[in-house]
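Descriptive analysis of the structure
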Amino acid sequence: MRRISIPATLREGARTTNTLAKRKYLVIYLFIMLIGAQPSILFFWLYWQFMEGFSIYFFLFLPVCFILMIFILIITSALVAKFFLLLTRLFHKPQEGVFNREPTNKDYRYWSLRAVIKKWPCWLARQLSIAPLEVLILKIFGVKIDKRASLHEGWVDTEFIEIGKNCRLGQGSLIMSSIVTHDRLIIKKISIKDNVTIGAHSVIFPGTIIESNTILDSNSTTKVNQLLETNSIYRGSPATKVLNNAKMEDQTKLEQIIFNTSTETQIEELEFREEAKELSIPFELYIISGWIIMGFSFIIPGFLFFIYFFGILEPFLFSLKFTIQFFYNLYNILILISIPLTFISLYLIHLFLVALFTRWFFRYSQKRGPKEGVYDRNLNEESKALDHYHFKSFLYKYPIFAFLRSPFPWLITWELRFIGGNKVGKKTVIEESFLHCLLNFGRKCYLGTYTHLSNHVVDGVYGTENLTYFGVNLGDNVVFEALTGAMPGTQVGNNSTILPISASIKHDELIGEGIYSGFPIKRLKPDKKKDILGS
């Protein structure tokens, strides 16, 4: 049995949900992008005039100018978002509690709206992966966190969070002040005191209090409202105390254990051999499809940008002298506003072309690829079908990455439907997850951060492997929370919730109407549900 692994290419920093309770919230999102970009545009205008257009000095110092523009864009966008957050507080203050996961619920709507407002500056800061900048964004949005906190590619919600001094977050860990279960949204403040270490791929549930000098081991979860005592070590899902975190009086003893103990083991020497087979799909097709999907999708936007820059920006903005009188003309203001709108439009064209080109290649391979089943990876007669399976997996990688990691992750459901191979029900929300084809979602499903729904798994020992290739089917209102997974052939019934750090086995069947946890997944009894999630 194989556990689902989480790739190392994670991102750290502020975490905002992709939940969009109402589409009209995107108007505010676009407005934040437009206003937040204006200082960077003016800075580049001054830089253009100071360098007197294209010159050797212009290109020499352009990288420095670009970096400064990015920092200005991030800070101004965060401040504009902060203004809108303060404005929303006048209508409805953020509240802790348990709320219906419906747009008719005011707390749910405003939770979604606050996430939309904060998403753009959070997305910008994540692109640089500079820890002090991530911490600054969190502090601007009201998270109480020490400036020296080490995120180490951990995710932190942007409200109802307090993190003390000298805290360390392991790679892929999540500090979640909100969690989705069934048709409910739980929001509760998290308090992490000084000198706390959160292990890699661990999840902190809403309401958790972690006292000082405490360690939560890797791949562990807390419970809603759980108190982790001071000077302690906790482990497990849910976490239980396993040791006291006593102060080390003599460091030399630990060094002796680590460096003076022999770790040599006798391993029987084995010879691994596999017969080389020629791919039935020419390797050139991988190169061509990759270049078209990733490269050609930039050609049309790039050409349009070239026309826009030299046809509008250069003659009607950058060639003009920077004066206060410039802003008295409405036409000039429209030019400034058009710049971020144009960049957004070009970016969306790029995403559309990525989906379009992928759709063409995917349909070609879909007709030739394997049906669901178990395949011997060593049989030559099945090589052609399996090669098309590998080719389809290759095709899906960049499009999923491009949409989920874009400033418009809400488009991922449209992309999955457009490319084909998946069915996505209405009101389904997908956070930053790992996806394949042959996935069928019912209505109102929710995939949490780092969810991995897999349509394939390789079984067996080296040289005699089988490929299990089946889809995953989710009913209505199915919730896969953060760091969860589903193996090929998994069937999940309506109104099911899978809690963090849980995964199914192959061909698992969850009847629904329940909450599940563990590996392999098991249905929780009422007393266990109450213990983990509270009453």
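Presented here is an overview of the structure given in this document.

The rules we used
- Residues numbered from 1 in each chain as written.
- Predicted model: local features only at pLDDT ≥ 70, side-chain atom pairs only at ≥ 80, totals over all residues.
- Heavy atoms only, no water.
- Helix = DSSP H or I, 4+ residues; strand = E, 2+ residues; numbered from the N terminus.
- Contact = heavy atoms within 4.5 Å.
- Lys, Arg positive; Asp, Glu negative; His and termini not counted.
- Charge placed at Lys NZ, Arg CZ, Asp CG, Glu CD.
- Buried < 20%, exposed > 50% of the residue type's maximum accessible area, 1.4 Å probe, protein only.
- Axes fitted to C-alpha atoms, helices over the stretch in contact; angles between N-to-C directions.
- Parallel < 35°, antiparallel > 145°, perpendicular 65-115°, else oblique.
- Nonpolar A, V, L, I, M, F, W, Y, C, P; charged D, E, K, R; others polar.
- Phe/Tyr/Trp six-rings, centres within 6.5 Å; stacked < 30°, edge-to-face > 60°.
- Pairing = 2+ DSSP bridges.
- Core = buried A, V, L, I, M, F, W, Y, C linked by side-chain atoms within 4.5 Å.
- Salt bridge = Lys/Arg side-chain N within 4 Å of Asp/Glu carboxyl O.
- Left-handed = near helix turned anticlockwise from the far one by under 90°.

1. Section: the overall build of the chain
The helix and strand inventory of the chain stands at 11 helices and 34 strands. For the chain, the spread of C-alpha atoms along the principal axes amounts to about 75 × 60 × 55 Å. Taking all contacts inside the chain whose residues are at least 6 apart in sequence as the whole, residues at least 24 apart take part in 54%. Across the chain, the mean location of the 58 positive side-chain charges is 11 Å away from that of the 45 negative side-chain charges.

2. As for helix α10 (residues 412-419)
α10 sits mainly inside the fold: 6 of its 8 residues count as buried. Along α10, the residues that are buried comprise Ile-412, Thr-413, Glu-415, Leu-416, Phe-418 and Ile-419. Of the residues flanking the end of α10, it is Gly-420, one or two places downstream, whose phi is positive at about 100°.

3. Side note on the packing of helix α1 (residues 25-50) against helix α7 (residues 283-318)
Where α1 meets α7, the axes come as close as 11 Å, and the angle between the chain directions of the two elements is 80°. Here α1 is positioned roughly perpendicular relative to α7, judged by the angle of their axes. Between α1 and α7, the contacting residues are Phe-44, Trp-45, Trp-48 and Gln-49 on the first element and Phe-309, Glu-314, Leu-317 and Phe-318 on the second. Residues that form the contact of α1 with α7 fall into these classes: 6 nonpolar, 1 polar and 1 charged.

4. Digging into the packing of aromatic side chains
On inspection of all chains with the given rule, the structure shows 40 aromatic pairs. Summarising the aromatic geometry, the rings of Trp-45 and Phe-322 are spaced 4.8 Å apart at their centres and angled 65° between planes, so their arrangement reads as edge-to-face. In this pair, Trp-45 is assigned in helix α1 and Phe-322 in the loop between α7 and α8 (330-366), connecting sequence segments 277 residues apart. When its relative accessible area of 28% is taken as the criterion, Phe-322 is described as partly exposed. Taken together, Phe-44, Tyr-47, Trp-48, Phe-54, Phe-58, Phe-59, Phe-305, Phe-306, Phe-309, Phe-310, Phe-318 and Phe-343 form an aromatic cluster joined through their ring pairs.

5. Digging into the pairing of strand β16 (residues 232-235)
In the sheet, strand β14 (residues 215-216) pairs with β16 via 2 bridges, with the strands oriented parallel. Bridge pairing in β16 links Leu-216 to Tyr-234. Pairing of β16 with strand β17 (residues 240-244) involves 4 bridges; the strand directions are antiparallel. What sits directly across from Ser-232, in β17, is Asn-244. Taking the residues between adjacent antiparallel strands as the criterion, β16 and β17 are bridged by 4 residues, where Gly-236 takes a positive phi near 110°.

6. Some details on the sheet that holds β14
The 5 strands lie next to each other as β6-β11-β14-β16-β17, forming an open sheet whose pairing is mixed. Two strands close off the open sheet at either side, each with one partner strand: β6 (168-169) and β17.

7. Some remarks on unusual backbone geometry
For the bond from Ser-237 to Pro-238, the omega torsion is 0°, close enough to zero to count as cis. Secondary-structure assignment places Pro-238 in the loop between β16 and β17. With an omega dihedral of -5°, the bond running from Phe-519 to Pro-520 counts as a cis peptide bond. Look at Asn-213: it is not a glycine, yet its phi comes out positive at around 60°. You can see Asn-213 is positioned in the loop between β13 (209-210) and β14. For Asn-213, a relative accessible area of 28% translates into the label partly exposed.

8. Some words on the nonpolar core
Generally speaking, soluble globular proteins have nonpolar side chains that are buried together. The biggest cluster of nonpolar side chains holds 80 residues, and the ones touching the most others in it are Phe-44 and Leu-317. Counting residues per element, this core draws most heavily on helix α4 (residues 106-128), at 11 residues. With near-sequence residues (within four places) excluded, Phe-44 lies in contact with Phe-58, Leu-62, Cys-65, Met-69, Phe-309 and Phe-318. Judged by nonpolar contacts, the second largest core, of 47 residues, contains Tyr-396, Phe-418, Leu-435 and Phe-480.

9. Re the pattern of salt bridges
Summed over the entire model, instances satisfying the criterion amount to 12 salt bridges. Arg-235 is paired through a salt bridge with Asp-217; the nearest N and O atoms lie 2.6 Å apart. Here the residue Arg-235 occupies a position in strand β16, and Asp-217 occupies one in the loop between β14 and β15 (227-228), the gap between them amounting to 18 residues. The class of Arg-235 is partly exposed, set by a relative accessible area of 41%. A single network of salt bridges, built from pairs that share partners, joins Arg-114, Lys-118 and Glu-159.

10. Digging into the sheet that holds strand β31 (residues 502-503)
The 3 strands are arranged β23-β28-β31 in an open sheet whose pairing can be described as parallel. Edge strands, defined here as strands with exactly one partner in the open sheet, are β23 (452-453) and β31. Sheet analysis places strand β28 (residues 484-486) next to β31, joined by 2 bridges and oriented parallel. From the neighbouring strand, Gly-485 faces β31, where its bridge partner is Ala-503.

11. Concerning the packing of α1 against α8
The geometry of α1 relative to α8 is characterised by a closest axis approach of 9 Å and an angle of 115° between their N-to-C directions. Viewed along their axes, α1 and α8 form a crossing whose handedness is right-handed. Listed contacts from α8 to Leu-30, Met-33, Leu-34, Ala-37, Gln-38, Ile-41 and Leu-42 of α1 are Leu-336, Ile-337, Ile-339, Pro-340, Leu-341 and Ile-344.

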